[in-house]
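Descriptive structure summary
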Amino acid sequence: MQSVHRFGTASVRALSTSAKPPMSVVRALKNGRSVEVLRPTEDHRAALVAFARRPITMFDAMAGPGHAEAAADDYVWNAKSARHDALVAMVDAKVVGVAQLDPDVHEMEAPIDAGFLERCGVERSEVCVARTVVAIDWQNQGVGSALKEGQIEAARAMGYRAVVSDSSHAAVHRIVSRLGGTVQPGGLWTLVSTERPTVKRQ
Ligand SMILES: CC(C)(COP(=O)(O)OP(=O)(O)OC[C@H]1O[C@@H](n2cnc3c(N)ncnc32)[C@H](O)[C@@H]1OP(=O)(O)O)[C@@H](O)C(=O)NCCC(=O)NCCS
């Protein structure tokens, strides 16, 4: 079966679907709350729509009638795809952050630097691209870190050797470095291996 995954103006065709092992990352946040990172199902659709309607999220790029519903559908579909994945960070029943894993960069993104991948010892086909958004009022509490740990677990389950992500936000450098990953010097990308235990607790 084929389906279309959309992100911003880009769309990527990919084969679905596969059974994935269940996953759950639970972490204590700095504000004393607890966050759980898991794959969204239909049960999370309403909470995803609510997140997508919040201002300044990744879904802004898709703003328009029905954009939040379409984004939520994409997330639920991605969670079932063999080569894509989607994660939600839940505090109680509310989505406070989301992440997606994709085998490809999107049309509006820079290509992944081949030299960077080579220096990290991985092939292009062995890595997936992660994108993360945490609601503004939940940032700097540990949600993004929990989502990154979830990405690593999810990528490993799909057979990827590493997760790469855009390094344009200094918080991403911090998270990736803490997890034992690599920040491209002077460049755009970060990489975290799925092949070794990476979490450095402080
Ligand atoms: C990047 C993002 C996902 C991080 O999520 P988060 O929940 O704030 O991340 P965490 O709280 O787990 O960790 C952030 C860390 O970066 C640090 N940090 C935040 N802003 C920073 C800055 N400008 N410079 C240096 N460190 C910074 C925080 O102090 C924290 O480190 P600490 O835990 O040691 O104190 C979030 O900021 C976001 O959604 N940004 C908008 C979308 C985006 O840029 N996504 C990344 C590209 S895929």
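The rules behind these values
Residues numbered from 1 in each chain as written. Predicted model: local features only at pLDDT ≥ 70, side-chain atom pairs only at ≥ 80, totals over all residues. Buried ≥ 20, exposed ≤ 12 C-beta atoms within 10 Å, placed from the backbone. Helix = DSSP H or I, 4+ residues; strand = E, 2+ residues; numbered from the N terminus. Pairing = 2+ DSSP bridges. Core = buried A, V, L, I, M, F, W, Y, C linked by C-beta atoms within 7 Å. Contact = placed C-beta atoms within 7 Å. Expected span 1.5 Å × (residues − 1). Near = placed C-beta within 6 Å.

Under the annotation held in an unreviewed UniProt entry, the chain carries the name N-acetyltransferase domain-containing protein and is attributed to Ramlibacter aurantiacus.

Let's talk about the pairing of strand β5 (residues 85-91)
In terms of burial, β5 is largely enclosed, as 6 of its 7 residues are buried. Judged from the 3 bridges that link them, strand β4 (residues 34-38) and β5 form a sheet pairing that is antiparallel. In the strand pairing of β5, Glu36 is matched with Met90. Alignment of β5 against strand β6 (residues 94-102), held across 7 bridges, turns out to be antiparallel. Its bridge partner lying in β6, Leu87 is registered against Ala99. Taken together, β5 and the strand that follows it, β6, pair antiparallel across an intervening segment of 2 residues, in which Asp92 is found at a positive phi of about 55°.

Brief notes about the nonpolar core
Counting 45 residues, the largest nonpolar core has Leu87, Ala89, Val95, Val98, Cys128, Val143 and Val163 as the members making the most contacts within it. In this view, Val143 contacts Leu29, Val35, Ala89, Val96, Gly97, Val134 and Trp138; residues no more than four positions away in its chain are not counted.

Some details on helix α4 (residues 143-157)
Helix length check: α4, at 15 residues, gives a terminal C-alpha distance of 21 Å against a target of 21 Å (1.5 Å per residue), a fit within 8%. α4 sits mainly inside the fold: 11 of its 15 residues count as buried. Of the positions making up α4, those classed as buried are Val143, Gly144, Ser145, Ala146, Leu147, Lys148, Gly150, Gln151, Ile152, Ala154 and Ala155. Immediately beyond the C-terminal end of α4, within one or two residues, lies Gly159, with a positive phi of roughly 90°.

Brief notes about the site of the ligand
In the vicinity of the ligand, 19 residues are found, and the nearest of them are Gln139, Gly144, Ser145, Ala170 and Ala171. Of all elements in the fold, only β7 (127-134), α4, β8 (162-166) and α5 (170-178) reach the threshold of two or more residues within the shell around the ligand. Ranked by residues supplied to the shell around the ligand, first place goes to α5 with 5 residues.

Observations concerning the environment of Ala135
Along the chain, the position of Ala135 falls in the loop between β7 and α4. On the neighbour-count criterion, Ala135 (19 C-beta atoms within 10 Å) is partly exposed. On a C-alpha basis, the gap between Ala135 and Pro55 in space is 8.7 Å, while along the polypeptide they are 80 residues apart.

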